[in-house]
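# Breakdown of the fold
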Amino acid sequence: MTPSVAPAAIHDLIGIGFGPSNLALAIALRERAQQQGALDVLFLDKQADYRWHGNTLVTQSELQISFLKDLVTLRNPSSPYSFVNYLHAHDRLVDFINLGTFYPCRMEYNDYLRWVAAQFSEQSRYGEEVLAIEPLLHNQKVESLRVISRDSHGETFVRQTRAVVVSAGGTPRIPEAFRSLKGDARVFHHAHYLERMAQQPCVSGKPMRVAIIGGGQSAAEAFIDLNDSFPSVQVDMILRGSALKPADDSPFVNEVFSPEFTDLVFSQTGAERERFIREYHNTNYSVVDIDLIERIYGIFYRQKVSGVQRHAFHHLRTVERATAHGDGIELALRHSASGELDVHRYDAVVLATGYERQMHRHLLEPLSQYLGDFDVDRDYRVITDARCQAAVYMQGFCQASHGLSDTLLSVLPIRANDIASSLYDYLGHQSLSSAPRAPLLATAS
Ligand SMILES: Cc1cc2nc3c(=O)[nH]c(=O)nc-3n(C[C@H](O)[C@H](O)[C@H](O)COP(=O)(O)OP(=O)(O)OC[C@H]3O[C@@H](n4cnc5c(N)ncnc54)[C@H](O)[C@@H]3O)c2cc1C
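A short tour of the structure in this document, coming up.

### Let's talk about the packing of aromatic side chains
If you walk through the whole model with that rule in mind, you get 19 aromatic pairs. Arranged with centres 5.8 Å apart and planes meeting at 75°, the rings of Phe300 and Phe313 form a pair that is edge-to-face. With Phe300 in helix α10 (residues 290–306) and Phe313 in strand β12 (residues 312–314), the pair connects residues that are 13 residues apart, well separated along the chain. The class of Phe300 is buried, set by a relative accessible area of 15%. Given a relative accessible area of 31%, Phe313 falls into the partly exposed group. Three or more aromatic residues joined by ring pairs form one cluster here, namely Trp52, Phe67, Phe83, Tyr86, Phe96, Phe102, Tyr109, Tyr112 and Trp115. Seen from the ring of Tyr426, Arg381 lies directly overhead, with NZ or CZ sitting 4.8 Å from the centre.

### A closer look at the nonpolar core
Core analysis: the largest hydrophobic core is formed by 72 residues, its most contacted members being Leu71 and Ile133. Top contributing element to this core by residue count: helix α1 (residues 20–36), with eight residues. Each residue touching Ile133, except ones within four places of it in the same chain, is listed here: Ile16, Leu145, Arg146, Val164, Val166, Leu363, Leu364, Pro366 and Leu367. Among the nonpolar cores identified, the runner-up in size contains 29 residues, and Ile212, Ala220, Ala222 and Val288 belong to it.

### Considering the sheet that holds strand β10 (residues 208–213)
Spatially, five strands are ordered β9-β16-β10-β11-β12 in an open sheet, and the strand pairing comes out parallel. The open sheet is flanked by β9 (187–189) and β12, the only strands paired with a single partner. Averaged over all neighbouring strand pairs, the angle between strand axes comes to 20°, with direction disregarded. Taken together, the three bridges between β9 and strand β16 (residues 348–351) define a ladder with parallel strand orientation.

Calculation rules
Residues numbered from 1 in each chain as written. Predicted model: local features only at pLDDT ≥ 70, side-chain atom pairs only at ≥ 80, totals over all residues. Heavy atoms only, no water. Phe/Tyr/Trp six-rings, centres within 6.5 Å; stacked < 30°, edge-to-face > 60°. Helix = DSSP H or I, 4+ residues; strand = E, 2+ residues; numbered from the N terminus. Buried < 20%, exposed > 50% of the residue type's maximum accessible area, 1.4 Å probe, protein only. Lys NZ or Arg CZ within 6 Å of the ring centre and 35° of its normal. Core = buried A, V, L, I, M, F, W, Y, C linked by side-chain atoms within 4.5 Å. Contact = heavy atoms within 4.5 Å. Pairing = 2+ DSSP bridges. Axes fitted to C-alpha atoms, helices over the stretch in contact; angles between N-to-C directions.

Here is the structure:
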């Protein structure tokens, strides 16, 4: 039954996830508060502390976007939360300039994000996974929302809010053939790469055969890391496509990641929006940075020169079957051109198979009768029927309406500004600064 409670002191906004999207929003709200009054905002993240795709931060990986597209610069170049100010605060500005790059390594960018996140510790709680967002009814209207979360000790928290912003990121995509191997420590998604590799026998120099499934950036980064960090590992790259294809980041094409392009995509009909996304798919999906492709090609070429074939490249292959045995994982690979089936055995399998964006559907399921099919307005607010007055925003789940930037870092500061502006309008300026601080409604073990 839908709960109905009297309005109590409530948060103005609860953010689900505290990745770059909600960090950018936290900054935009703090900077706006100087003119418009502070909101009562709280961000919840299931991770134990701030990490940006922490298990993928291999030494060679670099940001795939200019550092100038940090959390603030596009909106407010004089913000203290810029990447340049982070470098300055860490006494590395001159050295970074000497590097002559727009693409810092991802480890450094993670450190930048952690540095910003630490400045919002009073507005954030880590180690709490949000389980559901439920309606709170008053006179048959959804005037506020109940956010239910659980910490790592199993304690449940219930909070009330006028608005939520769901920015929970992607969920690892596990291909059908591997679903039954869930729980087998030898098969893991790239999202868990570092922690799982640390448990493999190759860490102590034992020989291993590892398969990487996929032909995108993550697969390429895993290949380079296995090649460089684990000399006892033999890697098979297994991909459906015929080749590793380069990400198109040429300047005219890059304009699809400009804030103006979001307006353009949003103003189109559904079919036209889809066409834009298809046309520029190769800027982001199933593609690899050209310098990484060249390195990988070089590694395979040197194998030909030396005659020592350490790694193998299996293109045009679909994994038809994956079976766990005591001495390895057996993969049956179908060649899409010849139709032949090969069987190989591996000590570990890395699934560099991308991410799904479905978390919003799961978290907002209790509100489904008010939401339709998660259509969003230009301000990223989910369109609801008249009974739902509470505001639901989404970041990272609006690619179909707002274009390819939505799942990336490209327009974070501008999007944060759009949401902040909409949120202030929704809440109404007058009541903001006087709102009482929000308590927990309840906690239960
Ligand atoms: C390995 C990798 C590298 C990337 N590199 C780039 C790049 O170089 N450039 C670029 O533009 N984009 C890149 N991306 C795309 C990526 O989506 C963005 O960089 C960025 O992380 C998006 O930020 P976000 O806050 O929307 O999502 P995320 O960064 O995914 O953050 C979501 C947060 O929500 C938390 N969360 C999830 N579910 C819950 C829940 N139920 N309750 C509480 N918390 C929850 C997670 O713990 C996480 O901290 C990369 C993605 C990956 C996977």
